[in-house]
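Chain by chain, the residues run as shown.
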Amino acid sequence: AAGVIQSPRHLIKEKRETATLKCYPIPRHDTVYWYQQGPGQDPQFLISFYEKMQSDKGSIPDRFSAQQFSDYHSELNMSSLELGDSALYFCASSLTAGGADRTQYFGPGTRLTVL
Amino acid sequence: GESVGLHLPTLSVQEGDNSIINCAYSNSASDYFIWYKQESGKGPQFIIDIRSNMDKRQGQRVTVLLNKTVKHLSLQIAATQPGDSAVYFCAETPPGSARQLTFGSGTQLTVLP
């Protein structure tokens, strides 16, 4: 079965640089979520999109922005990177329409290292 | 603030034994709970979920129990195998939220030969 695809899998950036992470949800899924997981920590919700509109916002820094495109893929844009942004970034998708299934399926993650 | 958390950070079991991983939640209005398994360097993998109108749900080798009275969630893994070694997270969907998950602190399960 098709899964959530994330790219790149690994990314190394310098402080104050920018980064763009991409997420391709499971086909026919209409909702995308972004989570950040620091070393030894649980995933923290950043932001979500339903049908290309922002649906929920968590602890996402103002330096970060995201959007969902017409093909339902999503991009997380991160600017003025800081050392503390080094983490695993996960994208998850779900099928929200109909309301029956609320399961979020996670991608393999992008490991961002800020030097 | 309200949160979801696990009682123990680590759990070691013998191969073939049953495992029980516990989770306490504080938001009594939460209506949806999920268990995820995360192997090192990988994304969380869905194991099983349960809605608040249920007390028990079974999957393949796994059972989730929900006790709303004491706000407790548990994951039981039968005949634990080496491949079950991972970090297990419980997560909840807070009420009023579109779908965002609030994760608890993970439990590292180690299966001993």
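Residues numbered from 1 in each chain as written. Chains lettered and ligands numbered in written order. Predicted model: local features only at pLDDT ≥ 70, side-chain atom pairs only at ≥ 80, totals over all residues. Heavy atoms only, no water.

## Details of the overall build of chain A
The helix and strand inventory of chain A stands at zero helices and eleven strands. Overall, chain A shows an N-to-C arrangement of helices and strands of β-β-β-β-β-β-β-β-β-β-β. A compact globule built from 115 residues would reach a C-alpha radius of gyration of about 13 Å, and chain A, at 14 Å, matches this within 12%. With respect to the three principal axes, the spread of C-alpha positions in chain A is 45 × 25 × 25 Å. Taking the intrachain contacts of chain A between residues at least 6 apart in sequence as the baseline, contacts between residues at least 24 apart amount to 54%. Carbon and sulfur atoms form 51% of the exposed surface of chain A, whose accessible area is close to 5,500 Å². (Helix = DSSP H or I, 4+ residues; strand = E, 2+ residues; numbered from the N terminus. Rg over C-alpha atoms; globule rule 2.2 N^0.38 Å. Contact = heavy atoms within 4.5 Å. Areas by Shrake-Rupley, 256 points an atom, 1.4 Å probe, with all protein chains shown as cover.)

## Description of the sheet that holds strand E7 (residues 64-68) of chain A
Residue and element names in this part refer to chain A. In space, the four strands of this open sheet follow the order E1-E3-E8-E7, with antiparallel pairing throughout. Edge positions in the sheet fall to strand E1 (5-7) and E7, since each of these pairs with one other strand and no more. Recorded for the sheet is a direction-independent mean angle of 15 degrees between the axes of neighbouring strands. (Pairing = 2+ DSSP bridges. Axes fitted to C-alpha atoms, helices over the stretch in contact; angles between N-to-C directions.)

## What about the nonpolar core?
In this structure, A:Trp34, A:Leu76, A:Met78 and A:Tyr89 are the most contacted members of the largest nonpolar core, which totals 22 residues. Not counting chain neighbours up to four residues away, the residues in contact with A:Leu76 comprise A:Ala19, A:Thr20, A:Leu21, A:Trp34, A:Leu46, A:Ile60, A:Phe64, A:Ser65, A:Ala66 and A:Tyr89. Judged by nonpolar contacts, the second largest core, of 20 residues, contains B:Val13, B:Cys23, B:Trp35 and B:Val64. (Core = buried A, V, L, I, M, F, W, Y, C linked by side-chain atoms within 4.5 Å. Buried < 20%, exposed > 50% of the residue type's maximum accessible area, 1.4 Å probe, protein only.)

## Quick look at the environment of B:Ala29
Residues and elements named next belong to chain B. Relative to the helices and strands, Ala-29 is located in the loop between strand E3 (19-25) and strand E4 (32-38). The exposure class of Ala-29 is partly exposed, given its relative accessible area of 42%. Sequence separation of Ala-29 and Lys-71 is 42 residues, and the distance between their C-alpha atoms is 10.0 Å.

## Observations concerning the side chain of B:Lys37
Residues and elements named next belong to chain B. Considering the arrangement of structural elements, one finds Lys-37 in strand E4. Among buried Asp, Glu, Lys and Arg side chains, Lys-37 stands out as unpaired, with Asp-84 the closest opposite charge at 4.4 Å. Of note is the side chain of Lys-37, whose polar atom sits 2.7 Å from the backbone oxygen of Gly-83. With near-sequence residues (within four places) excluded, Lys-37 lies in contact with Gly-43, Pro-44, Gln-45, Ile-47, Gly-83, Asp-84, Ala-86, Val-87 and Tyr-88. (Lys, Arg positive; Asp, Glu negative; His and termini not counted. Salt bridge = Lys/Arg side-chain N within 4 Å of Asp/Glu carboxyl O. Polar contact = N/O pair within 3.5 Å; in protein donor to acceptor, adjacent residues only side chain to side chain.)

## Some words on the interface of chain B and chain A
Contacts between chain B and chain A engage 21 residues on the former and 24 residues on the latter. Between chain B and chain A, roughly 1,800 Å² of surface is buried when both sides are summed, and carbon and sulfur atoms account for 50% of that area. By the criterion of area lost to chain A, the three top residues of chain B are B:Arg99, B:Gln100 and B:Phe103, representing 33% of everything that side buries. Our count for the chain B to chain A interface comes out at zero salt bridges. In this assembly, chain B and chain A are joined by six residue pairs in polar contact (both at pLDDT 80 or more). (Buried area = accessible area lost by both parts, 1.4 Å probe.)

## Remarks on unusual backbone geometry
A:Ser7 connects to A:Pro8 through a cis peptide bond whose omega is -10 degrees. Examined against the element boundaries, A:Pro8 turns out to sit in the loop between E1 and strand E2 (10-13). The phi dihedral of A:Tyr72 is positive, around 75 degrees, even though this residue is not glycine. Within the secondary structure, A:Tyr72 sits in the loop between E7 and strand E8 (74-78). Unusually for a residue other than glycine, B:Lys71 sits at a positive phi of about 55 degrees. Looking at the element boundaries, B:Lys71 is found in the loop between strand E7 (62-67) and strand E8 (72-77).

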